[in-house]
Amino acid sequence: MSKEKFITLKSSAVPLPIENIDTDQIIPARFLKATTREGFGENLFRDWRYNSDDSPKDFVLNDSTYSGKILVGGKNFGCGSSREHAAWSIYDYGFRVVISSFFADIFKNNALNNALLPIQVSDDFLKKIFASIKKNPSTQIVVDLSQQKVTLEDGSSESFEINAYKKTCLINGYDDIDYLLSLRDEIKHFELTH
C-alpha cells in the first residue's frame, strides 16, 4: 500500500522530552491484536494518556496547546521490542515525522517502511527544538526531505541522514512493491538483454 508523497512538511510540533521511550509505551501490548494498520492511533501512548477508567491524564497529547504532524521525542526513541505497531500507531494518530537525537534501529526501519520519517538530529539541536516549542507552542518547523534539512522559525537548521532508497520511496509515495513496479521497464529491458 503506497502512502502520500513526502517532500516538504511545515508544521507545529508536539514535544515529548522523555528519554528511552520504548515501543510498549508507544503502543501497549494489549492493543496488538489487530492485523491492519488502522485504528492504532487512538491507543498511542495509551497508559500515559488515560487512567484505568479512561479519564484523561495530564499528558501532552491531551493538551490542546500542542498539535501538529511532528512528534519531538527524547533520546533513544523507539527502544524495546520490535513491534511494527509502534510506527503504525504514530502514523495513524496523524504524525508524519518523529524527531529525536537517537532512534532504536528496528523502530527507525519500521517507521521508514510505514511512511513515517524518523529524523535524527544532534543533542544540541534537539534541545533547541524543545526550547523553540516551549517559547512558542505554535512554532513552525520545516522538514525538507529533498534537502534532508530541518529548519526552525529563527532560521537555524540541521541536516539529517536517510537511506537513499527509503528517501526515494517517501518522496514518491512508494512502498517496496510500488518501487519495484516503478522499475518494470528496466526489469523488462534487463530480461530481454540477458
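Figured I'd write up the structure that's included with this text. A quick note: this is a predicted structure, and the numbers were derived from the prediction, not measured.

So, on to the sheet that holds strand β1 (residues 8–11). What the four strands build is an open sheet, ordered β1-β6-β7-β8; its pairing is antiparallel. Edge strands, defined here as strands with exactly one partner in the open sheet, are β1 and β8 (157–159). Strand after strand, the sheet turns through a mean of 10 degrees between neighbouring axes, direction not considered. In this sheet, strand β6 (residues 141–144) lies alongside β1 in antiparallel orientation, the contact comprising four bridges. Its bridge partner lying in β6, leucine 9 is registered against valine 143.

A few words now on the pattern of salt bridges. Summed over the entire model, instances satisfying the criterion amount to five salt bridges. A salt bridge links aspartate 54 to arginine 46, with the shortest nitrogen-to-oxygen separation between them at 2.4 Å. Classification of aspartate 54 as partly exposed rests on a relative accessible area of 46%. The exposure class assigned to arginine 46 is buried, which follows from its relative accessible area of 17%. A salt bridge links lysine 75 to aspartate 123, with the nearest nitrogen and oxygen atoms 3.6 Å apart. Taken together, the residues lysine 75 in the loop between β3 (70–73) and α3 (85–93) and aspartate 123 in helix α5 (residues 123–135) connect sequence positions 48 residues apart. The partly exposed category is assigned to aspartate 123, whose relative accessible area is 36%.

How each quantity is defined
Residues numbered from 1 in each chain as written. Predicted model: local features only at pLDDT ≥ 70, side-chain atom pairs only at ≥ 80, totals over all residues. Heavy atoms only, no water. Pairing = 2+ DSSP bridges. Helix = DSSP H or I, 4+ residues; strand = E, 2+ residues; numbered from the N terminus. Axes fitted to C-alpha atoms, helices over the stretch in contact; angles between N-to-C directions. Salt bridge = Lys/Arg side-chain N within 4 Å of Asp/Glu carboxyl O. Buried < 20%, exposed > 50% of the residue type's maximum accessible area, 1.4 Å probe, protein only.

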